[in-house]
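# Chains, contacts and geometry: an overview
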Amino acid sequence: LPDYKPPVALTSAKADGDGNLWVRALPMRPTPGGIIYDVINRAGVMVDRIQLPPAYQLVGFGPGKIVYLSNRDATGLHLSRVRLK
């Protein structure tokens with residue numbers, strides 16, 4: 001067994017429609033809020049760090065900085081379309 005937790009999981013990277021790679025960060029300590037993604041461009045430069053709202057999951061991407069998120073509550077499963085700045 002390793003002595004430390006790896007910084008990213010094997011299945012934690014997703015590519016968006018704009019050519020960026022979203023890598024789910026695994027923080028060393030628990031952080032308040034939702035899941036954190038580091039956004040890396042084609043040149044290998046981290047261009048953004050995005051934290052999702054609590055209880056939301058990243059589902060997919062659309063062109064033009066569109067992100068699809070899902071969350072589940074007492075009324076069911078909901079899909080949200082979000083445009084990033």
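Computed from a prediction, not measured in an experiment: that's the story for all the values here.

## Comments concerning the sheet that holds strand β5 (residues 56-62)
- Ordered in space as β5-β6-β7, the three strands form an open sheet in which the pairing is antiparallel. Strand pairing shows two members of the sheet lacking a second neighbour, β5 and β7 (76-83), which therefore form its edges. Neighbouring strand axes in the sheet, compared pairwise and without regard to direction, differ in orientation by 25° on average.
- Relative to strand β6 (residues 66-73), β5 is paired through six bridges, and the arrangement is antiparallel.

## Side note on unusual backbone geometry
- Even without being glycine, Ala 55 reaches a positive phi, approximately 75°.
- Following the sequence through the fold, Ala 55 ends up in the loop between β4 (46-51) and β5.
- One non-glycine residue, Lys 65, lies in positive phi territory at about 65°.
- As for its position among the elements, Lys 65 is in the loop between β5 and β6.

## A few points about the pairing of β6
- Connecting the antiparallel pair β5 and β6 is a turn made up of three residues, with Gly 64 showing a positive phi of about 75°.
- For β6 and β7, the ladder comprises eight bridges, and the chain directions are antiparallel. Within β7, the position partnered with Ser 70 by the bridge is Leu 79.
- Connecting β6 to the next strand, β7, in antiparallel fashion are two residues.

## Regarding the packing of aromatic side chains
- Within this structure, the stated rule accounts for two aromatic pairs.
- Aromatic side chains Trp 22 and Phe 61 sit 5.0 Å apart centroid to centroid with 55° between the ring planes, which places their arrangement in the tilted category. Taken as a pair, Trp 22 in strand β2 (residues 21-24) and Phe 61 in strand β5 lie far apart in primary sequence, 39 residues in all.
- Among the aromatic residues, those joined into a ring-pair cluster are Trp 22, Tyr 37 and Phe 61.

The rules we used
- Residues numbered from 1 in each chain as written.
- Predicted model: local features only at pLDDT ≥ 70, side-chain atom pairs only at ≥ 80, totals over all residues.
- Heavy atoms only, no water.
- Pairing = 2+ DSSP bridges.
- Helix = DSSP H or I, 4+ residues; strand = E, 2+ residues; numbered from the N terminus.
- Axes fitted to C-alpha atoms, helices over the stretch in contact; angles between N-to-C directions.
- Phe/Tyr/Trp six-rings, centres within 6.5 Å; stacked < 30°, edge-to-face > 60°.

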